[in-house]
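Residue-level structural notes
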Amino acid sequence: MSENNEFIINESTLNKLLKEKKSSGFESKTWDNWFNSLFLTKPTDNSQQLMEKVVYNFFHSKDFEDWIKNFALNLNNIWNEPSARKLDPSTNTTYDMKNHSAIVIGRGPSLKKNNHLEKLKNSDYKGSIICTDGALINVLNSGITPDLFPNFYVVTIEPYQIQTTLYDDPIVDKFGSKINGIFSTLTHPDAVERARNAGIKIHWLHTLFDYNEGKKSINNLSSLMVRAKKNKGLPAIQTGGNVGTSCWFIGWKILKCTTITLIGMNHGWEEDDPIETIMSHGNMFEAPIIDKNSALFKKLFPKIYNPEFKSTCILDPIFQYYSSALKEFISRSPPELTTINATEGGSLFGEKIHCQSFERFLDEFNV
Amino acid sequence: MKANFSIKKNTDLGKKLPDVESSTNKEITEEEFEDFIVKAGAAGSFMVFRSLKKEDELGLDEL
């Protein structure tokens, strides 16, 4: 570089750069955008990179056959039922981008601790409700129903049969016909069928995980099969590894919301949660035997301080993985999208995350 | 050929809050995480999608 801040390159080098910039999907973006994207391909967060590699290898080897089987069994319904794109309101003349908002409801402990469902039920909130499948039965039983909130969505992305139980309840049968369901093409067919039998309107999308591997990736092959009969492809979302992050992406990319508020999305444990619960990621497996005073324990289960809510929480390795990914994606979201963490605790804070109480959000966003 | 790069100062630097108390040398290792995820994975989870096309990581309108 010269003393005048001039970056001197050959014309052929510039042409190569232009070609690479175009092929990366950044043809109409600034050079600064493109350079920053290149730096992101080499994450500085080694810990996150390692975690993603482990998860990818683990699930690719463990679940590959189940994904294919689920997709094959879903395919006829995917051909006959609508794309999640049908839920995109932006072509509707009544779509008000500025005031188009959604509340994503996870099933974190803050829901109960902060009485958030009761506060929501008693509010005049008129935006969309995007409910994680794991929270659905509790949310409906708490009075947050499509009768009060007509724009009510539920999301399932996980491919396991156990997701069926999340729809297997009389309260789901009661309100199902007024709920829009958004399902991954890899969802277990029993779970989709249970939701369908409850009257939930099924909408399909792809969940991205190996599209970077090219033509022979499952994502690409499944999209070709969908388009073999359907005129158009389906939207494909980043899941961030969990349904809560998927709901945030659906709020942004499918429902075209410009404000997305998170409740029940702690992505961490309360300090007073039983240690066995924390160590077993909510009793999902047997807690490993680790000396609680060891350095390993402190690495696996770090305590973090949330300066926005002036609270602390404890992460386990899975929440470290989920939280880091979601925070990264929120930091990469466009300026027109506002993300509000109204969970009032947990690990989600930082760049482009506005932390405020749920009560204040409901007061301010009463449109 | 010359190309000028106008440099904009990054005002966001320094605003980023340190979130995790653990320092770099306390970061979880691959083996430690693998041991944990293998146990947890049996109960269900999914993965983060990464791509050389960074825009793709935020989703595709149609696939």
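Worth saying up front: this structure is predicted, and the values here are computed from it rather than measured.

1. A few points about the overall build of chain A
What chain A contains, in helices and strands, is 14 helices and 12 strands. On the principal axes, the C-alpha backbone points of chain A span a range of 70 × 60 × 45 Å. Looking at the 367 residues of chain A, the share that counts as buried comes to 46%. Taking as baseline every contact in chain A between residues at least 6 positions apart, the subset at least 24 positions apart corresponds to 68%.

2. What about the confidence of the model for chain B?
All names here are of chain B. Per-residue confidence for chain B gives a mean pLDDT of 64; residues scoring 70 or more make up 38%. Counted against residues more than four places away or in other chains, residues 10-25, with its pLDDT under 50, gives 15 contacts. Listed scores for the predicted complex are pTM 0.81 and ipTM 0.80.

3. So, the sheet that holds strand β4 (residues 152-156) of chain A
All names here are of chain A. Spatial strand order, β7-β6-β5-β4-β3-β2-β8-β11-β12: 9 strands in an open sheet with parallel pairing. The open sheet has two edge strands with one neighbour each: β7 (236-237) and β12 (353-355). Two strands pair when backbone bridges link them, and strand β11 (residues 338-341) and β12 are joined in this way by 3 bridges, in the parallel orientation. If you follow Ile 340 over to β12, its bridge partner there is His 354. Against the sheet, helix α8 (residues 189-197) engages β4, β5 (180-184) and β6 (201-207), with an angle of about 155 degrees to β6.

4. Here's the deal with the nonpolar core
All names here are of chain A. In terms of nonpolar packing, the biggest core is built from 91 residues, with Val 104, Ile 129, Ile 130, Cys 131, Val 155 and Ile 250 touching the most fellow members. Top contributing element to this core by residue count: helix α13 (residues 317-331), with 8 residues. If we ignore the near neighbours within four places in the chain, the residues touching Val 104 are Ile 130, Gly 244, Cys 247, Trp 248, Gly 251, Ile 260, Leu 262 and Met 265.

5. Topic: helix α9 (residues 218-227) of chain A
The α-helix winds at 3.6 residues per turn, so residues separated by three or four positions along the chain end up facing the same way. When we look at burial in α9(A), the residues that qualify are A:Asn219, A:Ser222, A:Ser223 and A:Val226. Projected onto a plane normal to the axis of α9(A), the buried residues spread over an arc of 105 degrees and lie on a single side.

6. So, the pairing of strand β3 (residues 128-132) of chain A
Remark: a regular strand shows side chains that alternate across the two faces of the sheet. Residue and element names in this part refer to chain A. By the criterion of burial, β3 is predominantly enclosed, with 5 of the 5 residues buried. Alternating positions in β3 separate into two faces, Ser 128, Ile 130 and Thr 132 on one and Ile 129 and Cys 131 on the other, with burial throughout. Taken together, the 4 bridges between strand β2 (residues 101-105) and β3 define a ladder with parallel strand orientation. Counterpart to Ile 103 in the pairing with β3 is Ile 129. Each parallel crossover has a hand, and for β3 linked through helix α6 (residues 136-141) to β4 it is right-handed.

7. Let's talk about α13(A)
Given a rise of 1.5 Å per residue, 15 residues ought to cover 21 Å, and the 21 Å separating the end C-alpha atoms of α13(A) matches this to within 8%. Within α13(A), 13 of the 15 residues are buried, which leaves it mostly tucked inside the rest of the structure.

8. Focus: unusual backbone geometry
All names here are of chain A. Even without being a glycine, Asn 115 presents a positive backbone phi close to 55 degrees. With respect to the helices, strands and loops of the structure, Asn 115 is situated in the loop between α4 (110-113) and α5 (116-121). Phi is positive for Lys 256, close to 55 degrees, though the residue is something other than glycine.

9. Let's talk about the environment of A:His188
Residue and element names in this part refer to chain A. With respect to the helices, strands and loops of the structure, His 188 is situated in the loop between β5 and α8. Judged by the 24 C-beta atoms lying within 10 Å of it, His 188 falls in the buried class. For the pair formed by His 188 and Phe 309, sequence separation is 121 residues and the distance between their alpha carbons is 38 Å. Ignoring sequence-local partners within four residues, the contact set of His 188 consists of Asn 70, Pro 159, Tyr 160, Gln 161, Gln 163 and Thr 164.

Cut-offs and rules
Residues numbered from 1 in each chain as written. Chains lettered and ligands numbered in written order. Predicted model: local features only at pLDDT ≥ 70, side-chain atom pairs only at ≥ 80, totals over all residues. Helix = DSSP H or I, 4+ residues; strand = E, 2+ residues; numbered from the N terminus. Buried ≥ 20, exposed ≤ 12 C-beta atoms within 10 Å, placed from the backbone. Contact = placed C-beta atoms within 7 Å. pLDDT = per-residue confidence, 0-100. Pairing = 2+ DSSP bridges. Axes fitted to C-alpha atoms, helices over the stretch in contact; angles between N-to-C directions. Core = buried A, V, L, I, M, F, W, Y, C linked by C-beta atoms within 7 Å. Arc of directions from axis to C-beta. Right-handed = clockwise from strand over helix to strand, strands pointing away. Expected span 1.5 Å × (residues − 1).

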